[in-house]
Amino acid sequence: MKDSFFRSMTWLHTWVGLLTCWIIYVIFFAGTASFFRDEINLWNQPAIHNVQAQTDRVAAQRQQIIKGFDYLNQHAANSPSWRITLPEERIPYLVYGYAKPKEPGQRRSQFVNTQLNPNTMQALPAFVETKGGNFFYRLHYQLYYLDAITGRWVVCFASFFMLLAIISGVVIHKRIFKDMFTFRRNKGTRSWLDAHNLSSVLALPFHLMITYTGIITLIFMLFPYPALTTYDKGMRGFFNDVTPSNNVTNNAQGSADLLPINTILDQVYTKWPSADITRVQVSKPNMAASTVTVLVSPAKALRDQSPRLLFSGATGELVAQTDDELSSSKALYESLNSMHTGRFATPLLRWLYVLGGIAGCVMIGSGCIMWAKRIRERNKGKASFGLQLVEGLNLATIMGLPLATCAFFIANRLLSPTVAGRGEKEVTVFFLAWLVVAVMALLKRDRLLWRVMAAINALACLSVPAINALTTQGNIVSYLLNKQWALFIFDAVFLLFSILFLVQTEKLRTASSASKKTANNLTNNKKRQKA
C-alpha cells in the first residue's frame, strides 16, 4: 500500500510538473522581474536618470499638491478628471495629469501627463513610450496576445498544477533535509536531480507561499458565485460595497469652484498626521458633483489596497473612506495579496523574493531537463516525437527567455523616441527574439545548440549595459560614482548573467569534448577487440 501510494505521488509529481512546466517557468521568470518593476521603469526612461530622490519627500507633498491644483486649474479647468502622482521611495519624479474629453467610440479618456523634477519643480524632458516593467508584470499574471480573462484562467490552472507538484514533491521526498546540503557535480542525471532537489528544498516556503497567494489574487474570478448570489449587480455590486464610493454628490447639478485644496489636506493630516500621500485624484473638477480622492501609502502594513479618503470638491465634506480596521476576512485577503506582490518589502526582503524566484526557475528548468535526460537514457539515445518536443521546449524556454529579455531592453535604447507605437514594438522585438530561438530549438536540440545559445546570451547580456552607455549619458561606472544604485545594479546584474552564460558555454564545450573522447575510446577498444 505504501509503495503504491508513493508510486502514485511520483507519477502525479512528474506529470503535473511536466504538462505545465514551460508556462510556469514563464510565470516565475516574469514575476521575478516584476519585483523590480519600478527600477525597470526607471532604467527604461533616460529622462529621469539624473533625478535625485528628495530627502524631505513627505514634508514637501503639501506644496507639490497645491502647485499641482494651480497648474491643472490653469491648463485643464474643463477636464473630466485630474491626477497628481507624487514621488515615492522608488519613483523619484512628480506627475501632473489630466484627461482629455472622450472622443466618440472611445472607451477611456486619454491622459496628458507632465512629469517634473520634484527638487526643482521644472518639467523633465519628454518621456519615451515604453512598456517597461509593466510588461513583465502583465506577462506574469495574464500572459500576452491573449484576452486578459483567458490569460488569467491559463495562469490559474498552471498555478493549481504547480501547487500539486509542490505538495506531491514534498510527499515523495524521503530525504528532504539531507537534500538541502547535497549536490554532486558532473554526475549526469544525478547532478540535475540534485539541482532540482536543492533549489526546491531551500526555497520551499517561498514556493508554497507565492503559488498559493498567486491563486488567491484571482480568487474572485475563480469563485464569483457568493457575490453573484448575494448582490443584485453581481461582482460590480460586491466591489462597490468594499470600495469607498461617492453616494453624496453624485446627483449635484451645475458648476461650482473647487474648494482650496489646503482645506482638504488639513483634514487628511488631522486624521493621519504622518501621512505619506501617493496620489490625489479629482473627478469632475469645478462641478458641484466634483470629488477629491486622497490615497495614502500603507507603508509596511500587510495591506494591498491603499487607505483613501474621498471628499466633496465643492464643500470639502468627507463622503467616504476605507475602513480603519479591516474585518478578519478582508485582512486575510489583503495580507495574502500583499505577500504575493511584496509591496511592503524592504530592499533586502525584495532581493530575497528575487532569489526565491530564481530558485523557482532553477527548480522548474532542472526538472524539465532531468526528465528528458532520463527518458533518453532509458531509450538508449533514441528520441520519440514527444521527447524531441520536450527537449525543444526546454531549450526554447530556458535559453529563449533571457535572449528575449535582452532584446526588449536593447530595443528600448535603439528604437527612435518618435516612432509610433514604440512600447508595443519593444514587446514585438521580445517575442520575435523568443520565436527565433523556439524555431531553432524545435529543428535542432543537441548540446551544440545549447552551447551556441549560451554564447549568444552572454553576448546579449553584455550588450545591454554596453548599448546603454553608448546611447545615454550614463554608464555603470558613472552610476557607481554618483551612487545611482538602481541603475548600477541593473547594469551589474546583466554583466553577472553574461559571466554566468560564458561559464555555461565553457562547461558545455568541456562536456562535449569529454563525450567525444569517451566515444573515440570506446570505438578504439572495439577495434582492438576485433583485431
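Keep in mind that what you see is a predicted model, and the values were worked out from it rather than measured.

1. Some details on the side chain of R308
Then, number 1: Here R308 lies in strand β7 (residues 308–312).
Then, number 2: Side-chain polar atoms of R308 contact the backbone oxygen of S306, separated by 3.4 Å.

2. Thoughts on the sheet that holds strand β2 (residues 94–99)
Then, number 1: Reading across the sheet, the eight strands line up as β4-β3-β2-β1-β5-β6-β7-β8 and stay open at both edges, with antiparallel pairing between neighbours. Since the sheet does not close on itself, it has two edges, and those belong to β4 (122–123) and β8 (318–321), each with one partner.
Then, number 2: Sheet analysis places β7 next to β8, joined by three bridges and oriented antiparallel. Residue pairing in the sheet places L309 in a bridge with Q321 of β8.
Then, number 3: Contacting β1 (81–85), β2, β3 (111–117), β5 (277–283) and β6 (291–296), helix α3 (residues 61–75) crosses the sheet at an angle of about 30° to β2.
Then, number 4: Together, β5, β6, β7 and β8 form the strand contacts of helix α11 (residues 261–271), whose direction differs from that of β7 by roughly 145°.

3. Thoughts on the nonpolar core
Then, number 1: Membership of the largest hydrophobic core comes to 81 residues, with the highest contact counts inside it found for F135, F136, I364, M399, F409, F430 and V464.
Then, number 2: The biggest single contributor to this core is helix α14 (residues 385–414), with 14 residues.
Then, number 3: Not counting the four nearest positions on each side in its chain, F135 is found in contact with Y144, F408, V427, F430 and F431.
Then, number 4: Of all hydrophobic cores here, the second largest spans 28 residues; its members include L86, Y98, V268 and V296.

4. Considerations on the pairing of β2
Then, number 1: Across the six residues of β2, six count as buried, placing the element largely inside the fold.
Then, number 2: Where burial is concerned, the two faces of β2 agree: the one with L94, Y96 and Y98 and the one with V95, G97 and A99 are both buried.
Then, number 3: Relative to β2, β1 runs antiparallel, the two sharing four bridges. By the bridge assignment for β2, R83 is matched with G97.

5. Some points on the pattern of salt bridges
Then, number 1: Following the criterion strictly, the structure yields nine salt bridges and no others.
Then, number 2: As a salt-bridge pair, K131 and E424 come within 3.2 Å of each other at their nearest N and O atoms. In this pair, K131 is assigned in the loop between β4 and α4 (132–142) and E424 in helix α15 (residues 422–443), connecting sequence segments 293 residues apart.
Then, number 3: By relative accessible area, K131 is classed as partly exposed at 29%.
Then, number 4: The class of E424 is partly exposed, set by a relative accessible area of 34%.
Then, number 5: Each of the salt bridges in this network shares a partner with another, and the network as a whole consists of D38, E39 and R90.

6. Considering the packing of aromatic side chains
Then, number 1: Taken as a whole and assessed by the stated rule, the structure comprises 33 aromatic pairs.
Then, number 2: Seen from their ring centres, W43 and F409 are 5.5 Å apart, and the 85° between their planes marks the pair as edge-to-face. Here W43 is found in helix α2 (residues 37–44), whereas its partner F409 is found in helix α14, with 366 residues between them in sequence.
Then, number 3: By relative accessible area, which is 0% here, W43 ends up buried.
Then, number 4: The exposure class of F409 is buried, given its relative accessible area of 3%.
Then, number 5: Connected via pairs of aromatic rings, a cluster forms that spans W43, F135, F136, Y144, Y145, F408, F409, F430, F431, W434, F490 and F494.
Then, number 6: For the cation-ring pair, R37 lies above Y137, with the distance from its terminal atom to the ring centre recorded as 4.0 Å.

7. Structural notes on a nonpolar patch on the surface
Then, number 1: On the surface, L348, L352, L355, I358, V362, L496, F497 and L500 cluster together into a nonpolar patch covering about 730 Å² of accessible area.
Then, number 2: Of all the secondary-structure elements, those providing two or more residues to the nonpolar patch are α13 (347–378) and α18 (485–530).
Then, number 3: Broken down by element, the residue count for the nonpolar patch peaks at five residues, all from α13.
Then, number 4: Judged by relative accessible area, which is 35%, F497 ranks as partly exposed.

8. What about unusual backbone geometry?
Then, number 1: With phi around 65°, N286 is a residue other than glycine that occupies positive phi space.
Then, number 2: Position of N286 relative to the elements: it lies in the loop between β5 and β6.
Then, number 3: For N286, a relative accessible area of 16% translates into the label buried.
Then, number 4: For K483, which is not glycine, the phi torsion reads 60° and is therefore positive.
Then, number 5: By secondary structure assignment, the location of K483 is in the loop between α17 (476–481) and α18.
Then, number 6: Owing to a relative accessible area of 59%, K483 belongs among the exposed residues under this scheme.

9. Some remarks on the environment of S109
Then, number 1: Inspection of the secondary structure assignment puts S109 in the loop between β2 and β3.
Then, number 2: Classification of S109 as partly exposed rests on a relative accessible area of 26%.
Then, number 3: For the pair formed by S109 and T270, sequence separation is 161 residues and the distance between their alpha carbons is 34 Å.
Then, number 4: Leaving out residues up to four positions away in the same chain, S109 has contacts with P80, A99, K100 and K102.

10. Section: helix α5 (residues 148–172)
Then, number 1: The first and last C-alpha atoms of α5 sit 36 Å apart over 25 residues, in line with the 36 Å expected at 1.5 Å per residue.
Then, number 2: Structurally, the start of α5 carries an N-cap: the backbone nitrogen of I149 is 3.2 Å from a side-chain oxygen of D147.

11. Structural notes on the confidence of the model for the protein chain
Then, number 1: For the protein chain, the average pLDDT comes to 88, and 91% of its residues sit at 70 or higher.
Then, number 2: Mean pLDDT across the elements of the protein chain ranges from a minimum in helix α10 (residues 235–242), with 76, to a maximum in α2, with 96.

Calculation notes
Residues numbered from 1 in each chain as written. Predicted model: local features only at pLDDT ≥ 70, side-chain atom pairs only at ≥ 80, totals over all residues. Heavy atoms only, no water. Helix = DSSP H or I, 4+ residues; strand = E, 2+ residues; numbered from the N terminus. Polar contact = N/O pair within 3.5 Å; in protein donor to acceptor, adjacent residues only side chain to side chain. Pairing = 2+ DSSP bridges. Contact = heavy atoms within 4.5 Å. Axes fitted to C-alpha atoms, helices over the stretch in contact; angles between N-to-C directions. Core = buried A, V, L, I, M, F, W, Y, C linked by side-chain atoms within 4.5 Å. Buried < 20%, exposed > 50% of the residue type's maximum accessible area, 1.4 Å probe, protein only. Salt bridge = Lys/Arg side-chain N within 4 Å of Asp/Glu carboxyl O. Phe/Tyr/Trp six-rings, centres within 6.5 Å; stacked < 30°, edge-to-face > 60°. Lys NZ or Arg CZ within 6 Å of the ring centre and 35° of its normal. Patch = residues over 30% accessible without salt bridge, like charges linked within 9 Å, V, L, I, M, F, W, Y side chains within 5 Å. Areas by Shrake-Rupley, 256 points an atom, 1.4 Å probe, with all protein chains shown as cover. Expected span 1.5 Å × (residues − 1). pLDDT = per-residue confidence, 0-100.

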